[in-house]
Amino acid sequence: MLNKADSREIYTNQTGVHDNLEKVVLKHLNSEFRKPPAEHTVTAFKKVADAIAAVPDKPLIMDSCCGTGVSSRQIALAHPDAWVIGLDRSAKRLDKEYEEPLPENLIFAQVDCVDFWKLARQAGWQLQKHYLLYPNPYPKSVQLKYRWHGHPAFADLLALGGLLEVRSNWQLYIEEFSVALKLAGHATEGCEVFDPAGQYLTLFERKYCQSGQTVYRCLSHLASL
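Owing to the predicted nature of the structure, the values given are computational and were not obtained by experimental measurement. (Residues numbered from 1 in each chain as written. Predicted model: local features only at pLDDT ≥ 70, side-chain atom pairs only at ≥ 80, totals over all residues. Heavy atoms only, no water.)

**Some words on the sheet that holds strand S4 (residues 129-133)**
Overall, mixed pairing links the 7 strands, which are arranged S3-S2-S1-S4-S5-S7-S6 in an open sheet. The open sheet is flanked by strand S3 (106-110) and strand S6 (192-194), the only strands paired with a single partner. For this sheet, the mean angle separating the axes of adjacent strands, direction not counted, is 25°. Judged from the 5 bridges that link them, strand S1 (residues 60-64) and strand S2 (residues 83-88) form a sheet pairing that is parallel. When the sheet's bridge partners are listed, aspartate 63 is paired in S2 with glycine 86. Each of S1, S2 and S3 touches helix H2 (residues 39-54); the most contacted strand, S3, lies at about 170° to it. (Pairing = 2+ DSSP bridges. Helix = DSSP H or I, 4+ residues; strand = E, 2+ residues; numbered from the N terminus. Axes fitted to C-alpha atoms, helices over the stretch in contact; angles between N-to-C directions. Contact = heavy atoms within 4.5 Å.)

Now the structure itself:
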């Protein structure tokens, strides 16, 4: 059994929601993110698009920054009638071997999520659900632009639609994400304490919960604006 010392809590020099959050979010929502997608992500996107086109009319679920894909596998098993796309930048993490075979409705792609989201938006994809599970918190105040809600790709993320679910063991991250969603015109009930009740989607989630940390969640049905 893990103890609290086995899982470090997040420390930050922020005392609340970032002072520049509104300014940064609105700037990104009202300007085009011009970064061209990396070639390896373009190639991977085409392969994913071809795969899902072979069996069309299935809902799309995305698990971004999925790491070794523990969550993606569970999501795919829970939604057998949907395509589940697990995205991560690390081929080493995605190539981790498990005893259980890969669900037939699960596709892994080694990509830059920022570029993949842009390509998916340009292709007109609309998701049924999108998971962001325990993203890197970048807890220093100067790192706001690296958090997903402070990143220029935030607009592309929102444009993909669906039920967006974000989980973190850092309450402030979820509070900020909720504020950013509202600034973008999307309804959310805000930051809520979340109890997985032993049904852990990720290894991080299991580690945090078993070490006594609280985890938080934000849900939002991303309506077309």
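Structure's up, so let's keep going.
**Some words on the packing of H2 against helix H5 (residues 113-122)**
Axis separation between H2 and H5 bottoms out at 10 Å; the angle between their running directions is 50°. Classified by the interaxial angle, the pair formed by H2 and H5 is oblique. The hand of the H2/H5 crossing is right-handed. Residues Thr41, Val42, Phe45 and Val48 of H2 pack against Asp115, Phe116, Leu119 and Ala120 of H5. (Parallel < 35°, antiparallel > 145°, perpendicular 65-115°, else oblique. Left-handed = near helix turned anticlockwise from the far one by under 90°.)

**Concerning the layout of surface pockets**
If you add up the space inside the largest pocket, you get close to 1,000 Å³. Counting residues per element, the ones that place at least two in the lining of the largest pocket are helix H3 (70-78), H5 and helix H8 (203-210). Residues that form the lining of the largest pocket fall into these classes: 20 nonpolar, 9 polar and 11 charged. Volume-wise, the second largest pocket comes out at about 340 Å³. Lining the second largest pocket are 21 residues, and of these Arg121, Ala155, Asp156, Leu158 and Ala159 lie nearest its centre. Looking at the lining of the second largest pocket, the elements with two or more residues in it are helix H1 (21-29), H5 and helix H6 (154-159). (1 Å grid on protein atoms, 1.4 Å probe; cavity = no way out; pocket = protein on both sides within 12 Å on 5 of 7 lines; lining within 4 Å. Points joined across faces, edges and corners; volume = space filled by probe spheres on them. Nonpolar A, V, L, I, M, F, W, Y, C, P; charged D, E, K, R; others polar.)

**Notes on the nonpolar core**
One broad rule of soluble globular proteins: the nonpolar side chains tend to lie buried together. Within the largest apolar cluster, 46 residues are counted, with the highest numbers of intra-cluster contacts made by Leu87, Phe116, Trp117, Trp125 and Phe177. In this structure phenylalanine 177 touches Leu132, Trp148, His149, Phe154, Leu157, Leu164 and Val166, once residues within four positions along its chain are discounted. Membership of the second largest hydrophobic core comes to 13 residues, among which are Ile61, Ala82, Tyr134 and Tyr208. (Core = buried A, V, L, I, M, F, W, Y, C linked by side-chain atoms within 4.5 Å. Buried < 20%, exposed > 50% of the residue type's maximum accessible area, 1.4 Å probe, protein only.)

**Side note on the packing of aromatic side chains**
Tallying each qualifying case throughout the model produces 10 aromatic pairs. Where phenylalanine 116 meets tryptophan 125, the ring centres are 5.9 Å apart and the plane angle is 70°; that geometry is what we call edge-to-face. Here the two residues phenylalanine 116 and tryptophan 125 agree in accessibility, since each one is buried. With a centroid separation of 5.6 Å and 80° between ring planes, the pair formed by phenylalanine 154 and phenylalanine 177 is classed as edge-to-face. Of this pair, phenylalanine 154 sits in helix H6 while phenylalanine 177 sits in helix H7 (residues 171-183), placing them 23 residues apart in sequence. Cluster of aromatic residues (ring-pair linked, three or more members): Phe154, Trp170, Tyr173 and Phe177. Stacked on the ring of tryptophan 83, the Lys or Arg lysine 58 has its end atom at 4.4 Å from the ring centre. Sitting over the ring of tyrosine 98, lysine 96 keeps its end group 5.8 Å from the ring centre. (Phe/Tyr/Trp six-rings, centres within 6.5 Å; stacked < 30°, edge-to-face > 60°. Lys NZ or Arg CZ within 6 Å of the ring centre and 35° of its normal.)

**A word on the side chain of asparagine 169**
Secondary-structure assignment places asparagine 169 in the loop between strand S5 (162-168) and H7. For asparagine 169, a relative accessible area of 11% gives the class buried. Residues contacting asparagine 169, with those up to four places away along its chain left out, are Arg8, Ile10, Tyr134, Tyr208, Gln213, Thr214, Val215 and Tyr216.

**Brief notes about the packing of H1 against H7**
The interhelical angle for the contact between H1 and H7, taken along N-to-C directions, is 45°, at an axis separation of 10 Å. Comparing the axis directions of H1 and H7 gives the class oblique. Where H1 crosses over H7, the two elements pack in a sense that is right-handed. Together, Leu21, Glu22, Val25, Leu26 and Leu29 of H1 and Glu176, Val179, Ala180 and Leu183 of H7 make up the contact between the two elements. Of the residues that constitute the contact of H1 with H7, the class distribution is 7 nonpolar, no polar and 2 charged.

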